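# Descriptive structure summary
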Amino acid sequence: QVQLLESGGGLVQAGGSLRLSCAASGFFFRVNPMGWYRQAPGKQRELVATITGGGSSTNYADSVKGRFTISRDNAKNAVYLQMNSLKPEDTAVYYCNKNPPAVTFWGKGTLVTVSS
């Protein structure tokens, strides 16, 4: 049974940092490109960052480039998102999933709230 469990969200002031974690199980994690996605209130879910299976290549949405860093630890079946210089517009529920995402893989996400 596939499970993606996101954690690490919370309330932070603008300019602050958070590190999100995603624990994966139930599929062959290390061969799958992964991504972090987010959905802000009233908006569609969007792709924030991606990483290849081996972790050698990453990509970012323009809105987070230079502020967010995606990484993974295949020994732990985990993917991370380090978020620095957070802005109020980063407020959203953050999810991890494969890249491209698998519809049946979506977890509950973790809420990030950035206050101004």
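The preceding data block contains the structure.
These notes cover the structure that comes with them.

We now examine the sheet that holds strand 2 (residues 10-13). The strand order 2-10-9-4-5-6 describes an open sheet built from six strands, whose pairing is mixed. With one partner strand each, in any of the chains shown, strand 2 and strand 6 (58-60) form the two edges of the open sheet. Here the strands of the sheet are splayed against their neighbours by 25° on average, with no regard to which way each runs. Here strand 4 (residues 34-39) pairs with strand 9 (residues 92-98) via six bridges, running antiparallel. Pairing of tyrosine 37 across the sheet is with tyrosine 95, part of strand 9.

Time to look at the side chain of threonine 110. By secondary structure assignment, the location of threonine 110 is in strand 10 (residues 110-115). Owing to a relative accessible area of 9%, threonine 110 belongs among the buried residues under this scheme.

Grouped together as the largest cluster of nonpolar side chains are 29 residues, with contacts concentrated most on Leu4, Trp36, Phe68, Val79, Leu81, Met83 and Tyr94. Residue assignment for this core shows that the elements contributing at least two residues are strand 3 (18-25), strand 4, strand 5 (46-51), strand 7 (68-73), strand 8 (78-83), strand 9 and strand 10. The element that contributes the greatest number of residues to this core is strand 3, accounting for four residues.

Looking now at the side chain of arginine 72. With respect to the element layout, arginine 72 can be found in strand 7. It is aspartate 73 that comes nearest to the buried, bridge-free arginine 72 among opposite-charge side chains, at 8.3 Å. One polar contact links the side chain of arginine 72 to the main-chain carbonyl oxygen of threonine 52, over a distance of 2.9 Å. A distance of 2.8 Å separates a polar atom in the side chain of arginine 72 from a polar atom in the side chain of asparagine 74.

Time to look at the environment of phenylalanine 68. Counting through the fold element by element, phenylalanine 68 comes out in strand 7. Of the residues examined, phenylalanine 68 reaches a relative accessible area of 2% and is grouped as buried. Taking the C-alpha atoms as reference, phenylalanine 68 lies 6.0 Å from asparagine 84; in sequence the two are 16 residues apart.

Below, the discussion takes up the sheet that holds strand 7. Here four strands make up an open sheet; going across it, the order is 1-3-8-7 and the pairing antiparallel. Only two strands of the sheet have a single neighbouring strand rather than two, namely strand 1 (3-7) and strand 7. Strand-to-strand twist of the sheet, defined as the mean angle between neighbouring strand axes without regard to direction, takes the value 15°. Both strand 7 and strand 8 contribute to a ladder of six bridges, which runs antiparallel.

Parameters and conventions
Here, residues in each chain are numbered from 1, in the same order as that chain's written sequence. This being a predicted model, a pLDDT of at least 70 is required before a residue's local features are given, and a value of 80 or more before pairs of side-chain atoms are given or counted; all residues contribute to the totals for chains, interfaces and linings. Heavy atoms throughout the structure, all of them, feed into the side-chain values; hydrogens and water do not. By the convention used here, strands pair only if DSSP detects at least 2 bridges between them. For helices the rule is a DSSP run of H or I covering at least 4 residues; for strands it is a run of E covering at least 2, with both sets numbered from the N terminus onward. Each axis is a line fitted through C-alpha atoms, and for a helix only the stretch in contact is used; angles between axes span 0 to 180 degrees, taken between their N-to-C directions. Residue burial is assigned from relative accessible area. The probe radius is 1.4 Å, only protein chains are included, and a residue is buried under 20% of its type maximum, exposed over 50%, and partly exposed in between. Only buried residues count toward a nonpolar core, which is a set of Ala, Val, Leu, Ile, Met, Phe, Trp, Tyr and Cys residues joined through side-chain atoms within 4.5 Å. A positive count includes Lys and Arg, and a negative count includes Asp and Glu. His and the chain ends are not counted in either. By convention in these notes, a salt bridge is any Lys or Arg side-chain nitrogen within 4 Å of a carboxyl oxygen on Asp or Glu. In protein, a polar contact means a hydrogen-donor-capable atom and an acceptor-capable atom, both N or O and within 3.5 Å, with residues adjacent in sequence counting only if both atoms are side-chain atoms; elsewhere, any N or O pair within 3.5 Å suffices.

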